[in-house]
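# Secondary and tertiary structure notes
Below are the chains, spelled out letter by letter.
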There are 2 protein chains.
Amino acid sequence: MTRYYNGYEQHLVALDCIVFGFDEGELKLLVLKRKFEPAKGEWSLMGGFLGKSESLDEAACRILSQLTGLSNIYMKQLLVFSDVARDPGARTISVAYYALIKIDENDRLLAETYGAEWVPIKQLPPLIFDHSQMVEKALEALRRRTSREPIGFELLPVKFTLPQLQSLYESICGELLDKRNFRKQILETGLLVKLDEKEKESSKKGAFLYKFDHNKYNSYVEKGFLFQLKVKSGHIIKGNNSLQV
Amino acid sequence: MTRYYNGYEQHLVALDCIVFGFDEGELKLLVLKRKFEPAKGEWSLMGGFLGKSESLDEAACRILSQLTGLSNIYMKQLLVFSDVARDPGARTISVAYYALIKIDENDRLLAETYGAEWVPIKQLPPLIFDHSQMVEKALEALRRRTSREPIGFELLPVKFTLPQLQSLYESICGELLDKRNFRKQILETGLLVKLDEKEKESSKKGAFLYKFDHNKYNSYVEKGFLFQLKVKSGHIIKGNNSLQV
DNA sequence: ACAAAAGTGTTGTGCGTACACCCATGC
DNA sequence: GCATGGGTGTACGCACAACACTTTTGT
């Protein structure tokens, strides 16, 4: 390939990955103790640098997989951070990605192996550089997308109960929702398939398991239907305003 | 500053700017005949490279001002494009920005001076590289933002008429709107100030001019109000489905 | 006088919201 | 038998969509 554009500045291009998971009824974030200078030992997002022969999307997947062993994950570009002094190690620009993970036992072990940790988003430690800002932006993006598309399902196991789903939505919006309205709305979409099994971990009665109908969803999307999941505008119900994500 | 991160690949970081304007009742885009190789002479967005001592936001402003003489513009980061082969001139990644401009006579001359041209978005010529994709994404972003915040006003002169405003919204959503519903909704926000002047260019009767109340808007935003301008879901009225942007 | 665009109100209905009680089970 | 969480239906009010005629003025 002929080289044009000689004489222009070149830059280190980093990627940082905000990895969301949902576990024990809480929205969690995967963070890592940084293994190199500068800021070695401090909490950080999963990061790495863009290589010569890969797109950013590819690099993001590679980095996530290198640092956690995870693959096949819903990932999305968020925003580039480019303050000249954002990284004391060198002038870098960093492209933030966010990822939604269905945490399972396997992933929990993997993350541990790699020294990563799932931290409830309400109890995040301070992160290096501008990583906390990145998390803030990612949360806003997650909220916005959740109200437009059913991406919440990317955070749940294949089989899940309605109370789990509701709890997930509540964690994301930071508001408590009315059980009956929630169930009505979510079932009305026709995108949930009720299974014949019950989950009996979290209650004596047990809750029915559902799965998300990806095929139906995709065919709706092709037809141009939009899903405005209306759960966003739910109201706070029992004086508990302290639910903050 | 100590240098860390040695040995990682460095990259050319380009910026491309999708500049929207609204003129003669149409949504338009500012495009440019490229002045250098590769693809010299073909239509392209306003572009340039990130410098050593500037953030992307700063670079975007600089580039827009260098290529068109425009400054003080609403600008927003859109998305990074990073396919390895996206630019035949060299491996570059490009950060797309979009800008909203109040076209006035002055700007029209400036753009001409710089060899830029305002083209109706319905009649865009093919653009180089992945620039057409960028425009597509920018349009989606514009539509989304328009339904959430009153950014449409960034595209109109300080004083504007309601028919103009409606026509702008129609251009953006690609749908015709009902006059009465539109006026009711938009006036109900309380964000428009009716002036004592009429604009008489486009009709014999003349239409009252309004201005947008930025102060009121900002104070609402501070109080945490959200503006869901509901115009998005307007319906097509007179069988004219051909309005496509 | 007529063409062309600006301006103006009302009504129906569907959706979102609020709300309270029974059910199944494990201990 | 009781505590715990799962599951269910209805009524009200509002906000959105549909809809047609009058006004002004330049030619």
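In what follows, the structure referred to is the one given above.
Residues numbered from 1 in each chain as written. Chains lettered and ligands numbered in written order. Predicted model: local features only at pLDDT ≥ 70, side-chain atom pairs only at ≥ 80, totals over all residues. Heavy atoms only, no water.

Bringing the relation of the copies chain A and chain B into the picture now. Note on the identical chains: chain A maps onto chain B by a rotation of 180° and an axial translation of 0.0 Å, with an RMSD of 0.1 Å. Put plainly, the chains are arranged around a two-fold axis. (Least-squares fit on C-alpha atoms with pLDDT ≥ 70 in both.)

A separate point is the pattern of salt bridges. Pairing is possible between side chains of opposite charge, provided their charged atoms come close. Under the definition given, this model contains 16 salt bridges over all chains. Two residues, Arg145 of chain B and Glu149 of chain B, come together in a salt bridge whose shortest N-O distance is 2.8 Å. Via salt bridges that share partners, Asp16, Arg86 and Asp130 of chain A belong to a single interconnected network. (Salt bridge = Lys/Arg side-chain N within 4 Å of Asp/Glu carboxyl O.)

Right, let's talk about the packing of helix H3 (residues 131-148) of chain B against helix H4 (residues 162-173) of chain B for a bit. All names here are of chain B. Direction vectors running N to C along H3 and H4 enclose 135°, while the axes themselves pass 9 Å from each other. By the angle between their directions, the pair H3 and H4 is classed as oblique. Where H3 abuts H4, its residues Leu142, Arg143 and Thr146 lie against Tyr169, Ile172 and Cys173. Here the residues of the contact of H3 with H4 are counted per class, giving four nonpolar, one polar and one charged. (Axes fitted to C-alpha atoms, helices over the stretch in contact; angles between N-to-C directions. Helix = DSSP H or I, 4+ residues; strand = E, 2+ residues; numbered from the N terminus. Parallel < 35°, antiparallel > 145°, perpendicular 65-115°, else oblique. Contact = heavy atoms within 4.5 Å. Nonpolar A, V, L, I, M, F, W, Y, C, P; charged D, E, K, R; others polar.)

Bringing the state of the cysteines into the picture now. Residue and element names in this part refer to chain B. Under the defined criterion, the tally for this structure stands at zero disulfides over all chains. Not engaged in a disulfide, the cysteine Cys17 finds its nearest cysteine sulfur in Cys61; these two sulfurs lie 8.5 Å apart. Look at Cys17 and you get buried, because its relative accessible area is 3%. (Disulfide = S-S within 2.5 Å. Buried < 20%, exposed > 50% of the residue type's maximum accessible area, 1.4 Å probe, protein only.)

Residue and element names in this part refer to chain A. With respect to the helices and strands, the residue Ser94 is situated in strand S6 (residues 92-101). Side-chain polar atoms of Ser94 contact the side chain of Asp16, separated by 2.6 Å. Setting aside anything within four residues of it in sequence, one finds Ser94 in contact with Ala14, Leu15, Asp16, Leu79, Val80, Phe81, Arg86 and Met134. (Polar contact = N/O pair within 3.5 Å; in protein donor to acceptor, adjacent residues only side chain to side chain.)

Time to look at the interface of chain A and chain B. Taken together, the contact pairs 40 residues of chain A with 40 residues of chain B. Both faces considered, chain A and chain B share a buried interface measuring about 3500 Å² in area, 62% of it formed by carbon and sulfur atoms. Sorting the residues of chain A by area buried against chain B places Tyr5, His11 and Leu12 of chain A first, and these three jointly supply 19% of that buried surface. In this assembly, chain A and chain B are joined by zero salt bridges. Run the count over chain A and chain B and you get 19 residue pairs in polar contact (both at pLDDT 80 or more). Contributions of two or more residues to the side of chain A that touches chain B are made by strand S1 (10-23), strand S5 (74-81), S6 and helix H3 (131-148) of chain A. No other element matches S1 of chain A, which puts four residues into the side of chain A that touches chain B. (Buried area = accessible area lost by both parts, 1.4 Å probe.)

Before going further, it helps to spend a moment on the environment of Cys17 of chain B. Residues and elements named next belong to chain B. One can find Cys17 in strand S1 (residues 10-23). Taking C-alpha positions, Cys17 is 8.9 Å from Met75, a pair spaced 58 residues apart along the chain. In this structure Cys17 touches Leu45, Met46, Leu64, Met75, Tyr97 and Ala99, once residues within four positions along its chain are discounted.

On to the sheet that holds strand S10 (residues 207-212) of chain B, then. Residues and elements named next belong to chain B. With antiparallel pairing, three strands are arranged side by side in an open sheet as S8-S10-S9. Single-partner strands in this sheet number two, and they are strand S8 (160-161) and strand S9 (192-199). The pairing of S8 with S10 spans two bridges and is classified as antiparallel. Counted as the bridge partner of Thr161 is Leu209 from S10. (Pairing = 2+ DSSP bridges.)

For the rest of this paragraph, the subject is the packing of H4 of chain B against helix H5 (residues 179-188) of chain B. Residues and elements named next belong to chain B. As a packed pair, H4 and H5 sit with axes 11 Å apart at the nearest point and diverge in direction by 100°. In this view, H4 runs roughly perpendicular relative to H5, as classed from their interaxial angle. Across the interface between the two elements, Leu162, Pro163, Leu165, Gln166 and Tyr169 of H4 pack against Lys179, Phe182, Arg183, Ile186 and Leu187 of H5. Residue classes in the contact of H4 with H5 are distributed as seven nonpolar, one polar and two charged.

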